[in-house]
Amino acid sequence: MFILQHVLDPQSSRKIEVIPDDYRVLDGPCKLDRSTLESWDTTKLYCFKRLEIAKDVTPQMLEEKLVALKARGVIYCPENLRPLLMKKSADSQAKFVTYKDTLLVVDTNYTLTPSYLKYAAGQLTLVVEGNLEISKEVDPDQLFGKLDKVYNYGNIEVHGDQLGAIQAKLEVNEGNIDDAGAEDPEDESDENRIGNIGYLKL
């Protein structure tokens, strides 16, 4: 295991993490796939944001190319790669999320459609950091059958019974889930109150 150094700033007494100069620093979200690894020599990675390991990466490639890894964000990886990545990790507290077949990370605005669910390979692990809308056309049974796990850190908009499918697959819910088809109780109350005015006798 590789340990990164920590020192104290003498002026502020804050802990500063010193990154050795032989680390390749990635300051944004990163997706590590087969072609990227093949283009590198052996390397040590420091990732400030999330790190996605693609399905086409093999244990042999990681063993040969990746010497050490430090990730401040979550590491998303296929299930079979987690033990090796843990061994390579410079941080014993690293957070891992594994997926079986397909990983979909939503960090902007995205609409999940029936066609995507139809053609995405195998089971789907869904990570929401931005805004996700489940299309009205998505059948709740199709959604439930396709999803493996859902990690919600953002906003998910559903319609009707899609809500139950999402809730049944939730692993983490630190965001919001809104049913776009549900009636707003305040609106309903206002409507009833205004409607009753027509029956007042003066």
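That block above? That's the structure.
Just so we're clear, the structure is a prediction, and the values are computed from it rather than from any experiment.

Enquirer: Describe in detail the packing of aromatic side chains, supporting the description with residues and values.
Expert: How two aromatic rings sit relative to each other is given by the distance of their centres and the angle of their planes. By the definition in use, this model includes two aromatic pairs. Aromatic side chains Tyr46 and Phe48 sit 4.9 Å apart centroid to centroid with 55° between the ring planes, which places their arrangement in the tilted category. For Tyr46, a relative accessible area of 0% translates into the label buried. Between Tyr110 and Tyr116, the ring centres sit 6.5 Å apart and the planes meet at 85°, which makes this aromatic pair edge-to-face. The ring centre of Trp40 lies 4.2 Å from the NZ or CZ of Arg24, which sits over that ring. Positioned above the aromatic ring of Phe144 is the side chain of Lys169, whose terminal nitrogen or guanidinium carbon lies 4.3 Å from the ring centre.

Enquirer: Explain the side chain of Lys44 to me, and be specific about the residues and the numbers.
Expert: Locating Lys44 in the fold gives a position in strand β5 (residues 43-47). In terms of polar contacts, Lys44 uses its side chain to reach the side chain of Asp22, at 2.8 Å. Setting aside residues no more than four positions away along its own chain, Lys44 makes contact with Asp22, Tyr23, Arg24, Val67 and Ala68.

Enquirer: Any details on the environment of Glu157? Residues and values, ideally.
Expert: Mapped onto the elements, Glu157 comes out in strand β15 (residues 155-158). Here Glu157 falls in the partly exposed class, since its relative accessible area comes to 33%. Apart from residues lying up to four places away in sequence, Glu157 is in contact with Leu132, Glu133, Ile134, Asp178 and Ala180.

Enquirer: Give a detailed account of the side chain of Lys146, specifying residues and quantitative values.
Expert: Tracing the backbone shows Lys146 in helix α5 (residues 140-146). Buried and without a salt bridge, Lys146 has Asp101 as its closest oppositely charged side chain, separated by 7.4 Å. Separated by 3.4 Å, the side chain of Lys146 and the backbone oxygen of Leu117 make a polar contact. In terms of polar contacts, Lys146 uses its side chain to reach the backbone carbonyl oxygen of Gly122, at 2.9 Å. Not counting the four nearest positions on each side in its chain, Lys146 is found in contact with Leu117, Ala120, Ala121, Gly122, Gln123 and Leu124.

Enquirer: So what's going on with the pattern of salt bridges? Which residues, and what values?
Expert: Inspection of every chain in the model, using the stated rule, returns eight salt bridges. We note a salt bridge from Asp107 to Arg50, for which the minimum N-O separation is 2.8 Å. With Asp107 in the loop between β10 (102-106) and β11 (109-112) and Arg50 in the loop between β5 and β6 (51-53), this residue pair connects regions lying 57 residues apart in the sequence. The exposure class of Asp107 is partly exposed, given its relative accessible area of 38%. Judged by its relative accessible area of 10%, Arg50 is buried. Glu129 is the partner of Arg50 in a salt bridge, and the nearest nitrogen-oxygen pair spans 2.9 Å. Placement of the pair is Arg50 in the loop between β5 and β6 and Glu129 in the loop between β12 (124-128) and β13 (131-134), with a sequence separation of 79 residues.

Enquirer: Describe the nonpolar core, naming the residues involved and giving the relevant values.
Expert: Membership of the largest hydrophobic core comes to 22 residues, with the highest contact counts inside it found for Leu45, Leu51, Ile53, Leu62, Leu69, Ile75 and Leu85. Counting only elements with at least two residues in this core, the list comes to β4 (30-32), β5, β6, α2 (59-65), β7 (66-71), β8 (75-78) and α3 (82-88). Ranked by residue count, the leading element in this core is β7, at three residues. Once residues within four sequence positions are removed from consideration, Leu62 is found in contact with Leu37, Val57, Leu81, Leu84, Leu85 and Lys88.

Enquirer: Quick one: what's the story with the pairing of β13, residue by residue and with numbers?
Expert: Burial along β13 is one-sided: the residues Leu132 and Ile134 are buried and none of Asn131 and Glu133 is. As paired strands, β11 and β13 are joined by four bridges and run parallel to one another. Within β13, the residue paired with Tyr110 across the bridge is Leu132.

About the thresholds
- Residues numbered from 1 in each chain as written.
- Predicted model: local features only at pLDDT ≥ 70, side-chain atom pairs only at ≥ 80, totals over all residues.
- Heavy atoms only, no water.
- Phe/Tyr/Trp six-rings, centres within 6.5 Å; stacked < 30°, edge-to-face > 60°.
- Buried < 20%, exposed > 50% of the residue type's maximum accessible area, 1.4 Å probe, protein only.
- Lys NZ or Arg CZ within 6 Å of the ring centre and 35° of its normal.
- Helix = DSSP H or I, 4+ residues; strand = E, 2+ residues; numbered from the N terminus.
- Polar contact = N/O pair within 3.5 Å; in protein donor to acceptor, adjacent residues only side chain to side chain.
- Contact = heavy atoms within 4.5 Å.
- Lys, Arg positive; Asp, Glu negative; His and termini not counted.
- Salt bridge = Lys/Arg side-chain N within 4 Å of Asp/Glu carboxyl O.
- Core = buried A, V, L, I, M, F, W, Y, C linked by side-chain atoms within 4.5 Å.
- Pairing = 2+ DSSP bridges.

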